[in-house]
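In case you want the letters, here they are:
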Amino acid sequence: MHSLSHPLDDLLITPVLDGPFFIDELFQRKFGHAAPDFGHAVVCFYRKNRQHFIPLSFLCFIPHDEVMLVGGGMTDGSVFAQMQGDVGERLRESGGALYHMLKFGFEHYKDQCEAFFGHAGDPRAYEVDMRAGFEPTRHKHLIANFHRPISDERKEYLTGKIHAIGAF
């Protein structure tokens, strides 16, 4: 079994200090604005060969008081055309890049927050989020991962607090 940072031999999931350096152009094409230069940028790289690493996916973990907001998830579909052998097929079969990035982030940042929150309006992304460990809340599109034992009252408080900030 591979570690969370290496779901397949030719993939590496890692925090990076300057997310926009790696993914800004793609982020602008996908979302219409610059990539976030705040929070903790996590990038999944595909290793085409020993000298060529290609950013495949991006996800941002943003500290917000006692929780971590998760957003900006995207995958560069064009990278799949460059993948050699059955890497792309094996990645899809194992849950996909964003699934693995969420699992990595939940483990990597677990000691830095009481819970993770996301905003999932896309049905396909929502399905991946649920498989990775998020759960729905009573607020449309707001999802949570309560990775620590906390009371229902505390969950409700945190959920209400994050819902009040709106989509992120």
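As a starting point, this report considers the structure included with it. Because the structure is a prediction, the values reported are computed rather than measured.

### Overview of the sheet that holds strand β5 (residues 116-119)
Phase 1 of the analysis: Spatial ordering of the open sheet is given by β1-β2-β3-β4-β5-β7-β6, a layout of 7 strands whose pairing is mixed. Every other strand in the sheet has two partners, leaving β1 (11-16) and β6 (135-136) as the edge strands with one partner each.
Phase 2 of the analysis: Where strand β2 (residues 40-49) lies against strand β3 (residues 52-64), 9 bridges are found, and the strand directions are antiparallel. Pairing of V42 across the sheet is with L59, part of β3.

### Some thoughts on the packing of helix α3 (residues 97-108) against helix α4 (residues 123-132)
Phase 1 of the analysis: Between α3 and α4, whose axes approach to 9 Å, the crossing angle comes to 40°. The orientation of α3 with respect to α4, classified from their angle, is oblique. Handedness of the crossing formed by α3 with α4: right-handed. Packed against α3, whose contacting residues are L98, Y99, L102, K103 and F106, the element α4 presents V128, D129, R131 and A132 at the interface.
Phase 2 of the analysis: Split into classes, the residues belonging to the contact of α3 with α4 amount to 6 nonpolar, no polar and 3 charged.

Cut-offs and rules
- Once a new chain begins, its residue numbering starts again from 1 and follows that chain's sequence as written.
- pLDDT decides what is reported in this predicted model: residues at 70 or higher carry local features, side-chain atom pairs at 80 or more are listed and counted, and totals for whole chains, interfaces and linings draw on all residues regardless.
- Based on all heavy atoms of the structure, the side-chain values leave hydrogens and waters out of the count.
- Criterion used throughout: strands pair if DSSP finds at least two bridges between them.
- Under the scheme used here, helices are H or I runs from DSSP no shorter than 4 residues and strands are E runs no shorter than 2 residues, and both carry numbers assigned from the N terminus.
- Angles shown run from 0 to 180 degrees and are taken between the N-to-C directions of axes, each axis being a line fitted to C-alpha atoms and, for helices, limited to the stretch in contact.
- In these notes the angle categories are as follows: under 35 degrees is roughly parallel, over 145 is roughly antiparallel, 65 to 115 is roughly perpendicular, and the rest is oblique.
- In this scheme, a crossing is called left-handed if the near helix is turned counterclockwise away from the far one by less than a right angle; it is called right-handed if the turn is clockwise.
- The contact definition used throughout considers only heavy atoms, calling two residues in contact when any of these lie within 4.5 Å.
- Polarity classes work like this: nonpolar for Ala, Val, Leu, Ile, Met, Phe, Trp, Tyr, Cys and Pro, charged for Asp, Glu, Lys and Arg, and polar for all others, with Gly in that last group.

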